[in-house]
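Each chain, written out:
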Amino acid sequence: MTPSARLSASIDLLAAMEATPRKPADAVANSFFRERRYIGGGDRRAVSGLVWDIMRAWRRIGWHLAEIGAQATPRLLVAASLVLKGTGVEEVSALFEEGRFAAGALTLKERDSVHALARRTLDMEDMPRAVKLELPDWLMPELEATFGDALEQELAALSEPATLDLRVNMLRATRPEAQKALAREGLHAELTPLSPWGLRLSGRLPVTSSTPFQDGRVEIQDEGSQLVAAILGAAPHMRVLDYCAGAGGKTLALAMMMENKGHIAACDVAEKRLDGAVRRLRRAGVHNVERHLLTAGDKWAKRRSGSFDRVLVDAPCSGTGTWRRNPDARLRTTRQDLDELLVKQAQILDKAATLVRPGGRLVYATCSILSAENTQQIDAFLKRNSAFHLVPSDSTELPESLNQTSMFALTPHKNGTDGFFAAVLERKAEVAPEAAAAES
Ligand SMILES: C[S@@+](CC[C@H](N)C(=O)[O-])C[C@H]1O[C@@H](n2cnc3c(N)ncnc32)[C@H](O)[C@@H]1O
């Protein structure tokens, strides 16, 4: 593709995103490229790179365009993004050339806007704080309360592109073995500093076509997500429930911790997601997992009440901890979305708690950085459920810095992971009748 054809494809992709504002940008991009198989890998990466850069600067570019009285059309967003990041006006105009597959020349009005932007830079002193930080206005107080003075640093780290983390499947290989196997295919990975199973690649590399991925020695999983699985402390022969299992990302890690021994029930309300786990479980050589689709009026949970040693609630959440990967979500999340999620999380937590055996443990986790979804949910749960209390994790797989912690809130800035929260709760053992009588 010529540089102008790449701009043209970027403009089309932005228009497709604008047409489906509630759909995650990566889902729109996937269908966009599926329908245009003629766009090769290098071009696809260049087009996505440009569009993702624009999304990371969405409010700031929009603010500049509003300041000069221009409309934020996909064409102007692309042109403005280039100019505001220092590309000369003439160079940008030349990129918008005529020709088959090209972006087409800038109109007179567009040229005027580009000229008006020439004296500006992406970040300006007089921008409102929420614009500078690429946040919806309503989220500012939430995040100020969570991060205080560290807000700028935390959000800057959440704007950086994410690393690509892998979890080595110890059922199939050790970390050094997997690392060597990847290196033989040109994929150079470092050990992750916190997870004992993690490898880190920098940049978007074609991992899924590599042999170690295809034969189940490695799985894509952020280091923070690996630590959420680790904090549960699942061990061989336990009965474990992954209540919001989705496509099984954490189920796979739990099965590995259990050395494929014991039983895992992986539940979810979304059939398609749960189906997505089948191939991954097979590839990883996991065979101690039963999948169960939760439906209204289902007796499954009732029959298993109080029967699990460990229960993981990887709750549906705002996903604010994964903004590095989904920069569009930063501006798509609404106050109403959050309010609905808070209700849902509390309901799921209460339901999942009934499945924990006396003396058993429940881990509540989110990939959110908002205290409303994290510590505040735990505080409220403990007030509603006096049978539970916070306890230090008994996992032997946590790094020293998190050893025996009862709660963590990881962030890209502090830990180099996605933002993840986890809290360990224990259901108090039932007091035996004789003991109760002696106490009274
Ligand atoms: C954060 S995702 C889980 C990701 C998954 N654990 C993983 O590691 O790949 C949250 C999941 O909760 C599921 N969910 C939503 N409402 C639920 C409910 N009422 N009960 C159980 N699962 C629910 C969603 O379908 C979604 O798959």
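Our subject is the structure listed above.
Residues numbered from 1 in each chain as written. Predicted model: local features only at pLDDT ≥ 70, side-chain atom pairs only at ≥ 80, totals over all residues.

### Looking at the overall build of the protein
Logical step 1: Tallying secondary structure elements over the protein gives 21 helices and 12 strands in all.
Logical step 2: What you see for the protein is a C-alpha radius of gyration of 24 Å, in line with the 22 Å of a compact globule of 440 residues.
Logical step 3: By its C-alpha atoms, the protein is 90 × 50 × 45 Å across when sized along the principal axes.
Logical step 4: Classification of the 440 residues of the protein by burial places 40% in the buried group.
Logical step 5: Restricting to contacts in the protein with at least 6 residues of sequence separation, those with at least 24 account for 74%. (Helix = DSSP H or I, 4+ residues; strand = E, 2+ residues; numbered from the N terminus. Rg over C-alpha atoms; globule rule 2.2 N^0.38 Å. Buried ≥ 20, exposed ≤ 12 C-beta atoms within 10 Å, placed from the backbone. Contact = placed C-beta atoms within 7 Å.)

### Considerations on helix α14 (residues 249-257)
Residues spaced three or four apart along an α-helix face the same direction, because each turn holds 3.6 residues.
Logical step 1: Within α14, 9 of the 9 residues are buried, which leaves the element mostly enclosed by the surrounding structure.
Logical step 2: Those residues of α14 that fall on the buried side of the exposure criterion are Gly249, Lys250, Thr251, Leu252, Ala253, Leu254, Ala255, Met256 and Met257.
Logical step 3: Of the residues trailing α14, Glu259 is marked for its positive phi of about 50°.

### Some words on the pairing of strand β1 (residues 164-168)
Logical step 1: Extensive coverage of β1 is indicated by the burial of 4 of its 5 residues.
Logical step 2: With 4 bridges connecting them, β1 and strand β3 (residues 198-201) associate as antiparallel partners. Counted as the bridge partner of Leu164 is Leu201 from β3.
Logical step 3: Sheet topology places β1 next to strand β4 (residues 218-220); 3 bridges connect them, and they run antiparallel. Considered in β4, the bridge of Val168 is made with Val218. (Pairing = 2+ DSSP bridges.)

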